[in-house]
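Structural description and commentary
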Amino acid sequence: MSELRYDALHRRWVIITTERNHRPREFYPHREQVWSDDECPFCPGRENQTPNEIVAVRPDGSKPNSPDWRIRVTQKKLPALDTCEITWKPGAEGFYELLPGFGVHEIIIEGPDHNMSMHEFPPDLIFDVLDMYRNRLAFHIENLNLKYTLIFKNHGSTTGVSLAHPHSQVIGSPITPRSMRIELMSTLRYYAETGNCMICDMIERERREDKRLIYDDGTIVVFNSFAARFPYEFIIAPVQHSAYYFREDDKTLHCLAAAMRNILQLLKTTLNDPPFNYMVHSGPNTEAAPIFPGYWKTLENDFHWHIEIIPQIVQTAGFEWGGGLPINPVSPEDAVSFLKNYQT
């Protein structure tokens, strides 16, 4: 029979339809066309086609907006949220509320090679990307106009990518996005009830049961969520409790780089380089308005930063959209069992 599983972190039910017994190769996505680098604005030599760089990893003496760079950060050309001056105030008509579209939207260009995917990056380049994540989160946490900053990566044309050159995005907003708000409230409630961090307890259980755990080097663990919405959906988290990604040291980021490379290479090998999204879930800016005294007083203990990787290999249909109840045709245990056969 199928199973209904509850995801306590995200407060949602998921249907695991194990009897369908889909094999991984049944999920191979349609291969999109290879995008040319002939006109890519992210490639070296075309720096004038992007907004001025905000920060970059480049050799000493190299000038900003010149081709000699390793990692480059610019504002998105058509941002979802903008840092422009707010000229009007929030408003509301009953339950219709309006806020100015204030925020930040940045692009992190991940290396000069247009055709290299992250699983092909040398370890030091992955570290530089993750280090830049740390840089941007540390920078934006100081902006009291931003309640939450999310870093995410889209890979493959079906995930929302408009340019093939490897890059991530940073969006900082004056509100806490719904999915993060649910996570924060779930972990807060769990801590209030048990005195423990929910994700720390998840890690302890996954390591003990070893049914959904795919990677563990003692510093970073990767496991398939007990109630995963999608096949081969993974959570990557540090073993040592920490609420904020930007506080991690170089050692942890080097371990994270190795874990990311391992998992992305595994997905590429077993699922034919599927489209995927990943998101970095770090703690919110508790000093940004509005401030509710005492509301986040346990956040340092109850929230645990993590990364969620979601391969886009199944389509969301009417029942999932209408009922808000995802159907996952591969059990997390079967997914991990299959992938372990390909680990080196």
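This text goes with the structure placed above it.
The present account deals with the structure reproduced in this document. From a predicted model like this one, the values you see are computed outputs, not experimental measurements. Residue indices follow the written sequence of each chain, beginning from 1 at its first position. Local features in this predicted model are restricted to residues whose pLDDT is 70 or higher, and side-chain atom pairs enter the listing and the counts only when it is 80 or higher, whereas totals over whole chains, interfaces and linings include all residues. The side-chain numbers reported here are obtained from all heavy atoms of the structure, hydrogens and water having been left aside.

1. Considerations on the side chain of H306
Structurally, H306 is set in strand β14 (residues 306-311). Contacts are assigned to residue pairs that have any heavy atoms within 4.5 Å of one another. Once you skip the residues sitting within four places of it in the chain, H306 turns out to touch L9, E183, I199, I235, I236, A237, M279, V280 and H281. Helical segments are the DSSP runs of H or I of at least four residues, strand segments are the runs of E of at least two, and each set is numbered from the N terminus.

2. Description of helix α3 (residues 198-209)
Here α3 is twelve residues long and its end C-alpha atoms lie 16 Å apart, about the 16 Å a rise of 1.5 Å per residue gives. Turning to α3, the residues buried within the fold contact α2 (178-194), β10 (213-216), β11 (220-224), β12 (234-238), α5 (299-302) and β14. Looking at the residues trailing α3, positive phi occurs at D210, about 55°. Here the expected span of a helix is defined as 1.5 Å times the quantity of residues minus one.

3. Some points on the sheet that holds strand β9 (residues 167-173)
A pair of strands counts as paired when DSSP detects no fewer than two bridges linking them. Across the sheet, ten strands lie side by side as β3-β4-β7-β9-β8-β13-β14-β12-β11-β10; this open sheet has antiparallel pairing. Strands at the two margins of the open sheet, each flanked by one partner only, are β3 (53-57) and β10. Averaged over all pairs of adjacent strands, the angle between strand axes in this sheet comes to 15°, irrespective of strand direction. Inspection of the sheet shows β11 paired to β12 by five bridges, in the antiparallel sense. Its bridge partner being in β12, F223 is matched across the sheet by I235. Along the sheet face, α3 touches β10, β11, β12 and β14 and points at about 80° away from the line of β11. Helix axes use the C-alpha atoms of the stretch in contact, all axes being lines fitted to C-alpha atoms, and the angles between their N-to-C directions lie in the range 0 to 180 degrees.

4. Considerations on the pairing of β14
Between buried and exposed lies partly exposed: a residue is buried under 20% and exposed over 50% of the maximum accessible area for its type, with that area taken using a 1.4 Å probe on protein chains only. The element β14 is largely enclosed, with a buried count of six among its six residues. Burial along β14 is two-sided: H306, E308 and I310 facing one way and I307, I309 and P311 facing the other are all buried. Of the pairings in the sheet, the one linking β12 to β14 comprises three bridges and is antiparallel in character. Paired with I235 across the bridge in β14 is E308. By the bridge criterion, six bridges tie strand β13 (residues 276-281) to β14 in an arrangement that is antiparallel. Across the sheet, M279 pairs through a bridge with E308, a residue of β14.

5. Observations concerning the pattern of salt bridges
For side chains bearing opposite charge, pairing can occur when the charged atoms are close. In what follows, salt bridge is the name for a side-chain nitrogen of Lys or Arg lying within 4 Å of a carboxyl oxygen of Asp or Glu. In the structure shown here, the tally under the stated rule is 18 salt bridges. Close ionic contact of R58 with E53 constitutes a salt bridge, the shortest N to O distance being 2.9 Å. Close ionic contact of R212 with E333 constitutes a salt bridge, the shortest N to O distance being 2.6 Å. With R212 in the loop between α3 and β10 and E333 in helix α7 (residues 332-340), this pair connects stretches of sequence that are 121 residues apart. The buried category is assigned to R212, whose relative accessible area is 2%. Among the ionic contacts, a cluster of salt bridges with common partners joins R205, E206, E209, R212 and E333.

Everything listed here is a matter of coordinates, which is why it stays silent on function.
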